[in-house]
Amino acid sequence: MIKRSRQGGSSRQAMGYAMAASASLLFGFNGNLSRLLFDGGITPVTLVEFRMLIGGLCLLALMLVGWRQGLKWYTRQWGWIIAFGLTLALVTYTYFMAISLLPIAVALIIQFSAAAWMALGEALWRRKLPTRSVLLALLCTLGGLLLLTGAWHLNLNGLNPLGLLFAVLALLSFIAYLLLGKRVGRDVPSLPATSYGALVAAVFWLCVQPPWAIPAATWSWQNLLLMAVVGIAGMAIPFALELGALRHVEATRIGIVTTLELVAGSIIAYFWLGQLLDLPQIIGCVLVLVGLVVLQYDAAPEIAAPSTN
């Protein structure tokens, strides 16, 4: 029985890592597509608003057609779902604002340092240092991010204070998203949790920017088509995958896996947008991947099987 339990836990962790990695690949694709929309005049608020609304409605329609038992009301969980939805509303917007006001390398380093801060917080909370594998994975991924972004080339004097504020808010909201996603996932399956959370986020942004206040350029069919792709491939699918991963793997480890997004975004940008990678950036990609492999083979603490209610 013990051997079966260990094998079951190992397979669930492997599934969790695979889901988180797949989500990061889609987020990397989404970043490049979002860049095209920004260059076309779409504002960050508008893109986040449509992304959450389209993604949430698509998942809701999917459950209506093929999985109606997932459409429970989850009365006792709605406080957590609303809090989770608000982190969804904030995490992407604050990140978009940070990269619009700061050098993108600075914003990325702050955003993807979340795993290191979470590992430190977990160590203080449990009064126990992370395993050597986790520390090595953190060093590899953070070193890889430094090489990918070329942060050492930047003059950090005179950075926009508002941009730094948004970068810190993006970091905090990302950590809150992972922790609240972990909490919601205890009792709510990933599809309804993502759908309800996205719709809460959409309602929030519709209050901030009602439909009649959306810029007129948004309503071209090209922009609407691209935003539909962002809502489905850049929100509904990857967020559902990430929430599903949090049901099997600790939030800190998922935070490390999310650094794959930057690698995926860089490679996609090379082939799609013609943005070349130099040797340090290629080494950075390899370091991030090494960190993920080290993490995959580390014996993570077992997580209880998620509730099927």
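Source: prediction; values computed, not measured. Numbers given to residues run from 1 along each chain, matching the order in which its sequence is written. The model is predicted, so local features are restricted to residues of pLDDT at least 70 and side-chain atom pairs to those at 80 or more, both for listing and for counting; the totals for chains, interfaces and linings are taken over all residues. The basis for the side-chain values is all heavy atoms of the structure; hydrogens and waters are excluded.

Asker: Quick question: what am I supposed to make of the overall build of the protein chain here?
Answerer: What counts as a helix is a DSSP run of H or I of at least four residues, what counts as a strand is a run of E of at least two, and both are numbered from the N terminus. Looking only at helices and strands, the protein chain has 12 helices and 0 strands in total. For the protein chain, the succession of helices and strands along the chain, N to C, is α-α-α-α-α-α-α-α-α-α-α-α. Working definition: with a 1.4 Å probe on protein chains only, accessible area under 20% of the residue-type maximum means buried, over 50% means exposed, and in between means partly exposed. Split into buried and exposed, the 309 residues of the protein chain put 50% on the buried side. Across the protein chain, contacts joining residues at least 24 apart in sequence account for 91% of those joining residues at least 6 apart. Note on areas: Shrake-Rupley, 1.4 Å probe, and residue coverage restricted to the protein chains presented here. On the protein chain, roughly 15,100 Å² of surface is accessible, and the fraction owed to carbon and sulfur atoms is 70%. Note on contacts: a residue pair is in contact if any heavy atoms of the two residues lie within 4.5 Å.

Asker: I would appreciate a short explanation of the packing of helix 2 (residues 44-66) against helix 9 (residues 221-246) in the present structure.
Answerer: Describing two packed helices takes the angle between their axes plus the distance from one axis to the other. A fitted line through C-alpha atoms serves as each axis, taken over the contacting stretch for helices, and the angle formed by two N-to-C directions is quoted from 0 to 180°. Two elements in contact, helix 2 and helix 9, have axes whose closest approach is 8 Å; the angle formed by their N-to-C orientations is 60°. In the packing of helix 2 onto helix 9, the handedness of the crossing is right-handed. Contact residues: helix 2 offers L47, F50, R51, M52, I54, G55, G56, C58 and L59, while helix 9 offers L224, M227, A228, V230, G231, I232, G234, M235, A236 and F239. Its residues assigned to classes, the contact of helix 2 with helix 9 comprises 14 nonpolar, 4 polar and 1 charged. Each crossing gets its handedness from the near helix: less than a right angle anticlockwise from the far helix is left-handed, clockwise is right-handed. Ten residues, namely Ala, Val, Leu, Ile, Met, Phe, Trp, Tyr, Cys and Pro, are considered nonpolar, four, namely Asp, Glu, Lys and Arg, are considered charged, and the remaining ones, Gly among them, are considered polar.

Asker: Mind showing me how you'd approach the pattern of salt bridges here?
Answerer: Close approach of charged atoms allows side chains with opposite charge to pair. One side-chain nitrogen of Lys or Arg within 4 Å of one carboxyl oxygen of Asp or Glu is enough to make a salt bridge. With the rule as written, the count across this model stands at 2 salt bridges. Here R183 ties to D187 by a salt bridge, and the two come within 3.2 Å at their closest N and O atoms. Between E250 and R253 there is a salt bridge, with the nearest N and O atoms lying 3.2 Å from each other. Taken individually, E250 and R253 each receive the classification buried, so the pair is uniform in this respect.

Asker: Looking at this model, I keep getting lost on helix 9. Mind explaining?
Answerer: Between its first and last C-alpha atoms helix 9 spans 36 Å; for 26 residues at 1.5 Å apiece the expected length is 38 Å, and the two agree. One fitted axis covers the seven residues ending at a residue, a second covers the seven starting there, and the bend at that residue is the angle between these axes. The largest bend in helix 9 amounts to roughly 25° and is located at P238. One less than the number of residues in a helix, times 1.5 Å, gives the span that helix is expected to have.

Asker: I tried to follow the packing of aromatic side chains on my own but got confused; where do I start?
Answerer: To describe a pair of aromatic rings, one takes the distance between the centres and the angle between the planes. Whether two aromatic rings pair depends on their centres lying within 6.5 Å, for rings of Phe, Tyr and Trp, where Trp uses its six-membered ring; planes under 30 degrees apart make the pair stacked, over 60 edge-to-face, and the rest tilted. Applying the stated criterion across every chain yields a total of 10 aromatic pairs. Taken together, a centroid distance of 5.7 Å and an interplanar angle of 20° make the contact between F84 and Y177 stacked. Of the two residues, F84 sits in helix 3 (residues 78-101) while Y177 sits in helix 7 (residues 161-184), which places them 93 residues apart along the sequence. Residue Y177 is classed as buried on the basis of its relative accessible area, which comes to 1%. Centroid distance Y177 to F239: 5.5 Å. Interplanar angle 85°. Geometry classified as edge-to-face. Of this pair, Y177 sits in helix 7 while F239 sits in helix 9, and the two are 62 residues apart along the sequence. An aromatic cluster of three or more residues is present, and its members are F27, F84, F174, Y177 and F239.

Asker: I'm lost on the confidence of the model for the protein chain in this one. Help?
Answerer: As a note on interpretation, predicted positions should not be read in detail where pLDDT is low. Known as pLDDT, the predictor's confidence for each residue is given on a scale from 0 to 100. Here the protein chain averages 80 in pLDDT, and 86% of its residues register 70 or above. In the model of the protein chain, helix 4 (residues 104-112) stands out as the element of lowest mean pLDDT, 72, in contrast to helix 8 (residues 190-208), which has the highest, 92. Across residues 302-309, confidence stays below pLDDT 50; counting only partners more than four residues off in sequence or on other chains, it has 21 contacts.

Asker: Just to check I follow, could you spell out the nonpolar core for this structure?
Answerer: Nonpolar side chains in soluble globular proteins tend to be buried together. In these notes, a set of buried Ala, Val, Leu, Ile, Met, Phe, Trp, Tyr and Cys residues joined through side-chain atoms within 4.5 Å is what counts as a nonpolar core. Counting residues in hydrophobic clusters, the biggest one holds 80 residues, and the most contacted among them are M52, L88 and L178. Here the element with the most residues in this core is helix 3; it accounts for 11 residues. The residues touching L88, leaving out its near neighbours within four places in the chain, are M52, Y177, G197, A198, A201, M235 and F239.

Asker: Mind showing me how you'd approach the environment of I254 here?
Answerer: Along the polypeptide, I254 turns up in helix 10 (residues 251-257). With a relative accessible area of 0%, I254 lands in the buried category. Through-space distance from the C-alpha of I254 to that of L243 is 9.8 Å; in sequence the pair is 11 residues apart. Here I254 is in contact with G16, A20, L178, E242, A245, L246 and V249, once residues within four sequence places are set aside.

Asker: Looking at this model, I keep getting lost on a nonpolar patch on the surface. Mind explaining?
Answerer: Two distance rules govern patches: like charges are joined within 9 Å, and nonpolar side chains (Val, Leu, Ile, Met, Phe, Trp, Tyr) within 5 Å, applied only to residues with over 30% relative accessible area and no salt bridge. There is a patch of nonpolar side chains on the surface, built from I82, L86, L90, F204 and V208 and spanning about 380 Å² of accessible area. When residues of the nonpolar patch are traced back to their parent elements, those giving at least two are helix 3 and helix 8. Broken down by element, the nonpolar patch gets its largest block of residues, 3 residues, from helix 3.

Asker: I'm lost on the side chain of R253 in this one. Help?
Answerer: Relative to the helices and strands, R253 resides in helix 10. Counted as a polar contact is a pair of N or O atoms within 3.5 Å, where, for protein atoms, one must be capable of donating a hydrogen and the other of accepting one, and residues adjacent in sequence contribute only when both atoms are in side chains. Separated by 3.5 Å, the side chains of R253 and Y17 make a polar contact.

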